[in-house]
Amino acid sequence: PEGRVIEEEGREECRLLLASLSPRMSIILSWRYGFTEFPGEDGPETNIRGEFSGLAVVSHTAIAAYLGLSRERIRQLENEALESLRQKITSQKRI
């Protein structure tokens, strides 16, 4: 029971952090790490499942094709989003 409470708190914290990003960055991370269902076709890497949700982890290539961006741009946006989250988490720990 205690483990489930901690897991649910972790999920809620992830949702709040993702909501603090731009919609595009939030959805890219959500698809990349299997937090939300990917509406596009399954790519070759979708047999990997996200830790929290069990949904498919989606490749840069599949997200790029769906959003009409390059795979490199998706990678850049993912890295920008992760850096933004790191900064938010670091600043929260200082408080």
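The rules behind these values
Residues numbered from 1 in each chain as written. Predicted model: local features only at pLDDT ≥ 70, side-chain atom pairs only at ≥ 80, totals over all residues. Heavy atoms only, no water. Core = buried A, V, L, I, M, F, W, Y, C linked by side-chain atoms within 4.5 Å. Buried < 20%, exposed > 50% of the residue type's maximum accessible area, 1.4 Å probe, protein only. Helix = DSSP H or I, 4+ residues; strand = E, 2+ residues; numbered from the N terminus. Contact = heavy atoms within 4.5 Å. Expected span 1.5 Å × (residues − 1). Phe/Tyr/Trp six-rings, centres within 6.5 Å; stacked < 30°, edge-to-face > 60°. Salt bridge = Lys/Arg side-chain N within 4 Å of Asp/Glu carboxyl O. pLDDT = per-residue confidence, 0-100.

**Student:** Please give an account of the nonpolar core that cites residues and values.
**Tutor:** Counting 16 residues, the largest nonpolar core has Leu21, Leu29, Phe38, Val58 and Ile63 as its most contacted members. Those elements that place two or more of their residues in this core are helix H1 (2-19), helix H2 (23-32), helix H3 (60-67) and helix H4 (71-94). Setting aside anything within four residues of it in sequence, one finds isoleucine 63 in contact with Ile28, Trp31, Arg32, Phe38, Val58 and Ile74.

**Student:** Lay out the environment of serine 59 with the relevant residues and their values.
**Tutor:** Within the secondary structure, serine 59 sits in the loop between H2 and H3. Assessed through its relative accessible area of 3%, serine 59 is described here as buried. Residues serine 59 and isoleucine 74, spaced 15 residues apart in sequence, show a C-alpha to C-alpha distance of 9.6 Å.

**Student:** Describe the side chain of glutamate 78, listing the residues and the values that go with them.
**Tutor:** Mapped onto the secondary structure, glutamate 78 falls in helix H4. The exposure class assigned to glutamate 78 is buried, which follows from its relative accessible area of 4%. Each residue touching glutamate 78, except ones within four places of it in the same chain, is listed here: Ile28, Leu29, Arg32, Tyr33 and His60.

**Student:** Let's hear about H4: which residues, and what values?
**Tutor:** Counted at 1.5 Å a residue, the expected span for H4 with its 24 residues is 34 Å, and the 35 Å between its end C-alpha atoms agrees. Within H4 the residues assigned to the buried category are Ile74, Leu77, Glu78, Ala81 and Leu85. The inward-facing, buried residues of H4 contact H1, H2 and H3.

**Student:** Give a detailed account of the packing of aromatic side chains, specifying residues and quantitative values.
**Tutor:** Aromatic rings considered in pairs are described by the distance between their centres and by the relative angle of their planes. This model, assessed by the stated rule, comprises 3 aromatic pairs. Look at tryptophan 31 and phenylalanine 38: their rings are 4.9 Å apart centre to centre, the planes differ by 80°, and that puts the pair in the edge-to-face class. Take tryptophan 31: its relative accessible area is 5%, and that puts it in the buried class. When the ring of tryptophan 31 is compared with that of tyrosine 66, the centres are 5.5 Å apart and the planes differ by 90°; the resulting orientation is edge-to-face. Placement of tryptophan 31 in helix H2 and of tyrosine 66 in helix H3 is noted, with a sequence separation of 35 residues between them. Through a chain of ring-to-ring contacts, three or more aromatic side chains come together here, namely Trp31, Phe38 and Tyr66.

**Student:** Can you explain the pattern of salt bridges? Please cite residues and give values.
**Tutor:** Side chains that carry opposite charge are capable of pairing whenever their charged atoms lie near each other. For the structure shown, the criterion picks out 5 salt bridges. The partner of glutamate 78 in a salt bridge is arginine 32, with the nearest N and O atoms 3.3 Å apart. With glutamate 78 in helix H4 and arginine 32 in helix H2, this residue pair connects regions lying 46 residues apart in the sequence. Glutamate 80 is the partner of arginine 73 in a salt bridge, and the nearest nitrogen-oxygen pair spans 3.5 Å.

**Student:** Describe the confidence of the model for the chain, listing the residues and the values that go with them.
**Tutor:** Summarising the model, the chain shows a mean pLDDT of 83, and 83% of its residues fall at 70 or more. When pLDDT is averaged over each helix and strand of the chain, the minimum, 80, is found for H1 and the maximum, 94, for H2.

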